[in-house]
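# Fold and contact review
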Amino acid sequence: MADCTPEQAKLVDEILSIQRTDYYRVLKVDKSASDVEIKKSYRKLAIKLHPDKNKHPKASEAFKVIAKAFEVLGDESKRKLYDMTGTDPDSRSAGASGGGAGHPGAHFNNFQGFGGGFPGFQGGFQPGPGMGGGLNEDLLNMLFGMGGLGNNGFSFTFGGNGFPNNGFYYSNQPGMNARRRAAQNANAQRQGQGARRGAAGREQAQWTQYIVQFLPLLIILFSIIINSLTGDSSSNYNNARQFHGRVPKYGFEKGAGLDVERTTPNHNINYYISEKTLNNFQGRKNADTELAGLDKYVEGQYINELSQTCQREKNYQRELIESAQGIFYNDWDKIERAQKMTLPHCERLRELNLL
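Now for a look at the structure at hand. (Residues numbered from 1 in each chain as written. Predicted model: local features only at pLDDT ≥ 70, side-chain atom pairs only at ≥ 80, totals over all residues. Heavy atoms only, no water.)

## Thoughts on the pattern of salt bridges
Evaluation of the coordinates by the stated rule reveals 16 salt bridges. Salt-bridge contacts for arginine 284 lead to glutamate 290; the nearest nitrogen and oxygen are separated by 2.6 Å. Among the salt bridges present, the one from lysine 340 reaches glutamate 336, with a minimum N-O distance of 2.9 Å. With lysine 340 and glutamate 336 both in helix H10 (residues 332-340), this residue pair falls four residues apart, about one helical turn. Glutamate 336 sits in the partly exposed class, given a relative accessible area of 38%. (Salt bridge = Lys/Arg side-chain N within 4 Å of Asp/Glu carboxyl O. Helix = DSSP H or I, 4+ residues; strand = E, 2+ residues; numbered from the N terminus. Buried < 20%, exposed > 50% of the residue type's maximum accessible area, 1.4 Å probe, protein only.)

## Points about helix H3 (residues 35-49)
Its 15 residues give H3 an end-to-end C-alpha distance of 21 Å, which sits within 8% of 21 Å, the value for a rise of 1.5 Å per residue. Every buried residue belonging to H3 is among Ile38, Ser41, Tyr42, Leu45, Ala46 and Leu49, and all of these are buried. An end-on view of H3 places all buried positions within 135 degrees of arc, on one side of the element. More than 90 degrees from the buried face of H3, the exposed residues found are Val36, Lys40, Arg43, Lys44 and Ile47. (Expected span 1.5 Å × (residues − 1). Arc of directions from axis to C-beta.)

## Points about the nonpolar core
Judged by nonpolar contacts, the single largest core of 23 residues is most densely connected at Ile15, Leu27, Leu49, Ile66 and Leu73. Secondary-structure elements contributing two or more residues to this core are helix H1 (6-17), helix H2 (23-26), H3 and helix H4 (59-73). Per-element tally for this core: the top contributor is H4, with seven residues. Counting residues in each nonpolar core, the second largest holds 10 residues, with Tyr302, Ile303, Leu306 and Leu352 among its members. (Core = buried A, V, L, I, M, F, W, Y, C linked by side-chain atoms within 4.5 Å.)

## A word on a nonpolar patch on the surface
Among the surface-exposed residues, Ile211, Phe214, Leu215, Leu217, Leu218, Ile219 and Leu221 lie close enough to one another that they form a single nonpolar patch of about 650 Å² accessible area. With respect to the helices and strands, leucine 217 occurs in helix H7 (residues 176-230). Here leucine 217 falls in the partly exposed class, since its relative accessible area comes to 46%. (Patch = residues over 30% accessible without salt bridge, like charges linked within 9 Å, V, L, I, M, F, W, Y side chains within 5 Å. Areas by Shrake-Rupley, 256 points an atom, 1.4 Å probe, with all protein chains shown as cover.)

Encoded structure:
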């Protein structure tokens, strides 16, 4: 055990020293432990006992012991049955006195038989020698369908709460145990479907929360897209006659070589080009037509820039107003300031009768 630490060896020996069906002690949890506590303890032990991590010769055996314990305690129906009997619910031959010694559900004390008796019993059932007030193997087999006592044997069937259903269900038909297992499997499938539906519901609620959080942003983006598709009267300048050829350098402020002033035809917007640019146009065959095309192009660019910037100003104003509107109260001072804020590019569009 050169690769096995003293702590790992101690844990393996400790697990193997516990009665195999004493599942709560195996997983180091109380009988009142929740499902989360059981899973947490199992994972912690599994990491320490897995043969890939623990090189003790019997680590694999100890790992199987805790895996079996978790298989029973991690399943709600199996755990309830185990709490009642103290035996492995999957075993077909487990006796009440074997493996459940530490649990109250392992014995049925002061059992006095069935009184007048049932078919197949003469004069009722009386505890045999050595039973010590508990159940022997034949009685457990009779109670839980792990074998019949002749053709008239019977078994209890357990409901979802872990307690016997009212009445007895005779098992003289072949395949009763198989049908009971099929019913348990169907119940497990229903539980799994319920868990999946619950997870789907939580995921849907989470997505709904995301949508609510980002709804204002989505509204703003949607309005921008609609405006870009439909546009207003100012956006119609996108359809104005475009300037053909290379656009010369121009500006709306005089200076930096832009010293020749020109005015656009529709809205009398002043802009500037260089004298060299003007001379180049005048040397062409259709100079006046091309300069008129340049005037219209510059005017269209100017109006489009105003329109886009105005839209950004409106969006910012809308964001301020929406941020001041709460679920329980509104910040009216903030809303008023936002409503009164100046939108200079929008005002310029109004001056041009484009808004």
